[in-house]
Amino acid sequence: MLKKMVVSALLAGFVTGLIVAVLQTIMLEPLILEAELYETGQLVHFADVTREMPDVEIEWDVMRVVLTFVASVATYVAFALMAVAIFAYVNTRGITISPRQGILWGLAGYAALILLPSLGLAPELPGMYAAELRPRQLWWAGTVIASGVGIGLLVFGKDWVKWGIGLFLIALPHIIGAPHPDAFGGVVPPELAAEFTGRSLGMSAINWGLLGMLVAYFWNAENKA
Amino acid sequence: MTTATHTAAKSESALLSIVLVAFMGLGLFYATGMASASTLHDSAHDVRHSAGFPCH
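Worth saying up front: this structure is predicted, and the values here are computed from it rather than measured. (Residues numbered from 1 in each chain as written. Chains lettered and ligands numbered in written order. Predicted model: local features only at pLDDT ≥ 70, side-chain atom pairs only at ≥ 80, totals over all residues. Heavy atoms only, no water.)

Undergrad: Can you lay out the packing of aromatic side chains for me, pointing to particular residues and giving the numbers?
TA: Under the counting rule described, the total for this entry stands at 11 aromatic pairs over all chains. Plain terms: the ring middles of Tyr217(A) and Phe218(A) are 5.2 Å apart, the flat faces sit at 75° to each other, and that makes the pair edge-to-face. Taking the relative accessible area as the measure of exposure, Tyr217(A) reaches 47% and is therefore partly exposed. For Phe218(A), a relative accessible area of 17% translates into the label buried. Ring centres of Phe29(B) and Phe53(B) lie 5.3 Å apart, and the angle between their planes is 80°; on these two criteria the pair is classed as edge-to-face. Taken together, the positions of Phe29(B) in helix α1 (residues 3–34) and Phe53(B) in the segment after α2 (38–51) put the pair 24 residues apart, joining distant regions of the chain. (Phe/Tyr/Trp six-rings, centres within 6.5 Å; stacked < 30°, edge-to-face > 60°. Buried < 20%, exposed > 50% of the residue type's maximum accessible area, 1.4 Å probe, protein only. Helix = DSSP H or I, 4+ residues; strand = E, 2+ residues; numbered from the N terminus.)

Undergrad: Quick one: what's the story with the domain arrangement of chain A, residue by residue and with numbers?
TA: Residues and elements named next belong to chain A. According to the domain assignment, chain A contains domain 1 (2–126 + 190–224) and domain 2 (131–180). A C-alpha centroid distance of 21 Å is found between domain 1 and domain 2. Each partner contributes to the roughly 1000 Å² buried at the junction of domain 1 and domain 2, and carbon and sulfur atoms together form 79% of this total. There are one salt bridge connecting domain 1 and domain 2. The shortest N-O distance in the salt bridge between Arg-136 and Glu-124 comes to 3.1 Å. Linking domain 1 with domain 2 are three residue pairs in polar contact (both at pLDDT 80 or more). Its residues placed into classes, the side of domain 1 that touches domain 2 shows nine nonpolar, one polar and one charged. (Domains from an automatic or database assignment. Buried area = accessible area lost by both parts, 1.4 Å probe. Salt bridge = Lys/Arg side-chain N within 4 Å of Asp/Glu carboxyl O. Polar contact = N/O pair within 3.5 Å; in protein donor to acceptor, adjacent residues only side chain to side chain. Nonpolar A, V, L, I, M, F, W, Y, C, P; charged D, E, K, R; others polar.)

Undergrad: Please provide a residue-by-residue account of the interface of chain A and chain B, values included.
TA: Contacts between chain A and chain B engage 40 residues on the former and 29 residues on the latter. Both sides together, the interface formed by chain A and chain B hides about 3000 Å², and carbon and sulfur atoms give 71% of it. Viewed at the interface, chain B and chain A are joined by one salt bridge. A salt bridge links Arg64(A) to Asp46(B); its shortest N-O distance comes to 2.7 Å. (Contact = heavy atoms within 4.5 Å.)

Undergrad: Describe the confidence of the model for chain A, with residues and values.
TA: Caution applies to low-pLDDT regions: their predicted coordinates should not be interpreted in detail. On average, residues of chain A score 93 in pLDDT, and 98% of them reach the 70 mark or higher. Mean pLDDT across the elements of chain A ranges from a minimum in helix α2 (residues 29–39) of chain A, with 92, to a maximum in helix α6 (residues 160–176) of chain A, with 98. (pLDDT = per-residue confidence, 0-100.)

See the structure below:
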């Protein structure tokens, strides 16, 4: 069982990670590279608009793209391992998850790990102002756990007490509030930041639906083998 | 071994595998998504930003 779980997670995570890396390189990487031109001062936002902007182009670094592919595969293998563990646990309760249902499970993961935390901490570009890293990571991790348990209670709970606790858990991190910087002073243009945040949230929805579908597919295939 | 204890032992080992795999995933995610060691951070930098994980 252990081997089957690991094999299906590796396959699902590898395929998802590769597709995500391709999409990310096309949709998000150019915005990150452009933001870094502002972060490093090669371009300046709020510069005198009557002056011409220096003619700076984003530069692609092959090694950086390769590392992004590796990190993307590793990240989605990690999520696939956790997803397989959840699917296998659900199996022990007599429920099999089809690839179609897997998409819904993936979107629930998207809600818990990306969408609900983004209500407090929006995906951000390099060069933006933010609070200290550790408190943000702690808030993020707490939000993921509370949202995940909350969604589980909403979906599988059968009475008002469970639904109430589920809603409360989902709301709690936002009642506490995410750590925010004392002042705004980022060097990245807000138009660029908004474009990035919107794209990031949209891409993640695709990524997670795909992950859920592929984990269900490979896990069921390994189980039949 | 009776059937009952056999089933119990089997589901216990299944549960152990599930917990083990979950922790493997958690550990790997910590390394790629959260750890602050500079090699890990730099390699995963763009992935962390794109996914919206808190990064520097």
